Each structure stands twice: as C-alpha cells, then as structure tokens.
There are 2 protein chains.
Amino acid sequence: MAKTDRFGYKISMSMLLQKCTEAGLKITDQRKVILKVLEESEDHPSVETLCERARQVDSSISIATVYRTLGLLNELGLVLKHDFKDSSARFEVDHGHHYHLVDTETGQVVEFQSEELVALINKIAADLGYQMVDHTFEMFGHKLKK
Amino acid sequence: MAKTDRFGYKISMSMLLQKCTEAGLKITDQRKVILKVLEESEDHPSVETLCERARQVDSSISIATVYRTLGLLNELGLVLKHDFKDSSARFEVDHGHHYHLVDTETGQVVEFQSEELVALINKIAADLGYQMVDHTFEMFGHKLKK
DNA sequence: GTGCTTTTTGCGAACCATTCGCATAAACTT
DNA sequence: AAGTTTATGCGAATGGTTCGCAAAAAGCAC
C-alpha cells in the first residue's frame, strides 16, 4: 500500500527523482541522500540540520551542495522554502498546500487546508490587478473555551 | 486638520517622540531625522534606502545607527519590520493593520485590507476549535497582462 | 565496457545584511 | 557646570548564503 500524508497525497522517492530527471538533472549520490533525508524529516529542518543528517549517510557531502540541491528542488516546486523570522531558511518536501495554526498556549501546530481561503486570496489579487504566484499565511490562537 | 493615512489613522512625529521618551530613550538629532524620514516614506524602504534619505538631512548618520534605531522602534511596537523574500528587511511606521502584496517583478509593495479575509480566517479558526489571536499573511505576484 | 561532453561536487574565498566593540560625543539630571 | 548615562560612528566581526574553480562523476554514444 502506498504511503500517503494526512491529506492523501502520495509521496515517494522515485517520484521525486523522476521529476529531477525530467528537468534534465543528473541523479547523483548526494542528491539522492539529500532528497531522502528531506523526505524522511517530519520537521522543517534548516539547511545546516539537513546537512548534518545527510553527512551521517555520506560524510563527504558539503553544505554548498545542500544549498544548491535545495535551490534546485525549490525551483522545481518539489520543496518549500520557509523564511521564518529567526535567521536561517527552513525546508520541507511539498506535500500539497496546507497552512499552520500555532497554538499559543501549547506550541502545538495544527495543519489545515481551505479551498475557500485559496479562492478568496486569488480573487483579492485579481481585484488588485495581480496574478498571485505565492503567498504566506500563518495563524496563532488558543483553544475555544466552552 | 490632522494628517491621516489612507485608512484614517492619525499619525504624528510628536506622538512617536513621546513614546520614545516614555520608554526612557534619549532624543537625539539622529533619531529625530530617522523617525521623520520613516514617517514621511510612503513606501516600505529598506534600511539602506532609509539611511540614504536620512543622510540627505544629516550626512554623518551611520547605517549602524539606523539599524539600532529601527530595532528600538520595532521593540516599542512603533515600527513594523517585514522580512520579504528578497533579502533585506523593510520597515514602516505602524499605521494599523493591513496586508501586503509584493510585486515579484518590481519589488513594489501594494497595501490592502479585506474584511472578507478577516472574517474568513476567524471562521476557519473557529471551525478548528480555536480563537485566533494573531496571524500573518503576505502575497507575492505580478501584474495581470491584458 | 571506452571515450567524450556536460553537469556536479567540495573546497575555500567572497558576499552581504546585520551586529558588535570601543572610544568619543552627545543627552539628561542635579 | 559637572557628573552620569546613553548614543554615535567607525571599522571589524558575524553568520547565512553564494561563487569560482579544478577535479570527479553522470549521462550518452558507440
């Protein structure tokens, strides 16, 4: 049975690698390792963290290669780059768009999607005379008391 | 008649300076110049741009002071810091809540409000069982070709 | 497989926005 | 005016990210 995420998107290494070859990229050992590490990461690792994890598999991998690989994957739309306020960029495999609601009391992160939200922001952009190509949205809140 | 921004918020230098003294900060010529330049900026200038503008009034102002002043004002909540994707941070006097659409081709920032968006995200939070207390939202796009 | 061409790699140096250390110079206090 | 505190300008340091280059590996044709 194929592995899927909570929204039902199928994810697989071979699919990621296929996309890379389709884009004319060569499949190197380093890229395979980095992709695998990224795909297995449940969190949103920084480049440095990612590099450390990759080095545990192949200690010769340099951070420059990690940067280059992530840049490439990001251009292909396979990987999402997040610029959180506190310094360095963080990455995750793009498993389909979802948003985050951070519980301000527990720190827990709730993921959700909303077609309605996507539709509305596209409409807002269009009303302003723009074609939206990207957006960021994050919520902070606490559980409703009954 | 008091000057107001496009959303009707009253803004004034003296108010900003008063907040600074209340916070125990000394009012220096540099701070007055930086504050004035920021307050008169209709755009969302980068630190470097801000520094250039300030230097036209007082050429001895250093970029380190501009950074320090903006950091201070940001801590006081008088100034908003935005980390748009394109490298350097950009600032604006806090005139109340609105959103930003960044033109990916020109770097220009379009401001907008949407009651509909506010209503929708509150509803989304409520549906998830949460009371929203804060959120971030930013759009990136380019002008529609006709 | 063996060549040949193109892409990728690791390394360190370069880059760039931002921050720091420090001695000097202002601002507030009395 | 004198004393205390905070702010400034300078240049050097920092830290994440990118670049240049020669060496290594990948893909392709035979």
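Refer to the structure printed above.
Residues numbered from 1 in each chain as written. Chains lettered and ligands numbered in written order. Predicted model: local features only at pLDDT ≥ 70, side-chain atom pairs only at ≥ 80, totals over all residues. Heavy atoms only, no water.

A. Structural context of the nonpolar core. The biggest cluster of nonpolar side chains holds 26 residues, and the ones touching the most others in it are Leu117 and Met139 of chain A together with Leu117 and Met139 of chain B. For this core, the elements supplying multiple residues, two or more each, are strand E3 (99-103), strand E4 (109-112), helix H5 (115-127) and strand E5 (130-143) of chain A together with strand E3 (99-103), strand E4 (109-112), helix H5 (115-127) and strand E5 (130-143) of chain B. Contacts of methionine 139 of chain A, omitting those with residues within four sequence positions, involve His100, Leu101, Val102 and Phe112 of chain A together with Ile121, Ile124, Ala125, Met132, Asp134 and His135 of chain B. (Core = buried A, V, L, I, M, F, W, Y, C linked by side-chain atoms within 4.5 Å. Buried < 20%, exposed > 50% of the residue type's maximum accessible area, 1.4 Å probe, protein only. Helix = DSSP H or I, 4+ residues; strand = E, 2+ residues; numbered from the N terminus. Contact = heavy atoms within 4.5 Å.)

B. The arrangement of the protein's contact with DNA strand C in detail. Around DNA strand C, a shell composed of 20 residues is seen, among which Lys26, Arg31, Thr65 and Arg68 of chain A together with Tyr67 of chain B lie nearest. The protein-proximal atoms of DNA strand C, defined as those within 4 Å of the protein, are 73% sugar or phosphate. Contact distances for DNA strand C include 2.6 Å between a phosphate oxygen and a side-chain N or O atom of arginine 31 of chain A. At a separation of 3.1 Å, a base nitrogen of DNA strand C approaches a polar side-chain atom of lysine 26 of chain B. Secondary-structure elements contributing two or more residues to the surface near DNA strand C are helix H2 (29-40) and helix H4 (63-75) of chain A together with helix H4 (63-75) of chain B. In terms of residue class, the surface near DNA strand C is built from eight nonpolar, seven polar and five charged. (Near = heavy atom within 4 Å. Polar contact = N/O pair within 3.5 Å; in protein donor to acceptor, adjacent residues only side chain to side chain. Nonpolar A, V, L, I, M, F, W, Y, C, P; charged D, E, K, R; others polar.)

C. Highlighting the protein's contact with DNA strand D. Taken together, 18 residues lie near DNA strand D, and Tyr67 of chain A together with Lys26, Arg31, Thr65 and Arg68 of chain B sit nearest. Counting only the atoms of DNA strand D within 4 Å of the protein, the fraction contributed by sugar and phosphate is 75%. Tyrosine 67 of chain A has a polar side-chain atom sitting 2.3 Å from a phosphate oxygen of DNA strand D. The separation between a phosphate oxygen of DNA strand D and a polar side-chain atom of threonine 65 of chain B is 2.4 Å. Classifying every residue of the surface near DNA strand D by side-chain character gives seven nonpolar, six polar and five charged.

D. Highlighting H5 of chain A. Residue and element names in this part refer to chain A. For H5, built from 13 residues, the straight-helix expectation of 18 Å at 1.5 Å per residue is met to within 8% by its first-to-last C-alpha distance of 18 Å. By the burial criterion, the buried members of H5 are Leu117, Leu120, Ile121, Ile124 and Ala125. Here the buried residues of H5 occupy an arc of 135° about the axis, which is enough to place them on one side. Those residues of H5 that are exposed and aimed more than 90 degrees away from the buried face are Glu115 and Asp127. (Expected span 1.5 Å × (residues − 1). Arc of directions from axis to C-beta.)

E. Just the packing of helix H2 (residues 29-40) of chain B against H4 of chain B, in detail. All names here are of chain B. Contact pair H2 / H4: the axes reach a minimum separation of 10 Å and the direction vectors enclose 70°. The pairing of H2 with H4 is recorded here as roughly perpendicular in orientation. Of the residues in H4, those touching H2 at Gln30, Arg31, Ile34, Leu35 and Leu38 are Thr65, Val66, Thr69, Leu70, Leu72 and Leu73. Among the residues making up the contact of H2 with H4, the classes are represented as seven nonpolar, three polar and one charged. (Axes fitted to C-alpha atoms, helices over the stretch in contact; angles between N-to-C directions. Parallel < 35°, antiparallel > 145°, perpendicular 65-115°, else oblique.)

F. Summary view of H5 of chain B. Residues of H5 of chain B that are buried in the fold lie against E3, E4, H5 and E5 of chain A together with E3 and E5 of chain B. The positive-phi residue at the C-terminal boundary of H5 of chain B is glycine 129 of chain B, with phi of around 90°.

G. Up close: the pattern of salt bridges. Here the structure, examined in full by the defined rule, presents six salt bridges over all chains. In this structure, glutamate 40 of chain A engages lysine 36 of chain A in a salt bridge whose closest nitrogen and oxygen atoms are separated by 2.9 Å. Here glutamate 40 of chain A and its partner lysine 36 of chain A are both found in helix H2, four residues apart, which amounts to about one turn of the helix. According to the relative accessible area criterion, glutamate 40 of chain A is partly exposed, its value standing at 48%. Of the charged contacts in the structure, one is a salt bridge between lysine 123 of chain B and aspartate 127 of chain B, with a shortest N-O distance of 3.1 Å. (Salt bridge = Lys/Arg side-chain N within 4 Å of Asp/Glu carboxyl O.)

H. Geometry of the interface of chain A and chain B. Contacts between the two partners involve 34 residues from chain A and, on the opposite side, 34 residues from chain B. Summing the contributions of chain A and of chain B, the shared interface buries around 3100 Å²; its carbon and sulfur component is 69%. Viewed at the interface, chain B and chain A are joined by zero salt bridges. At the surface where chain A touches chain B, the tally comes to eleven residue pairs in polar contact (both at pLDDT 80 or more). Among the elements of the structure, E3, E4, H5 and E5 of chain A are those that each provide at least two residues to the side of chain A that touches chain B. It is E5 of chain A that provides the largest number of residues to the side of chain A that touches chain B, a total of 14 residues. Partitioning the side of chain A that touches chain B into residue classes produces 17 nonpolar, nine polar and eight charged. As judged from the 13 bridges shared by E5 of chain A and E5 of chain B, these two strands associate in the antiparallel manner. Bridged to histidine 135 of chain A within E5 of chain B is methionine 139 of chain B. (Buried area = accessible area lost by both parts, 1.4 Å probe. Pairing = 2+ DSSP bridges.)

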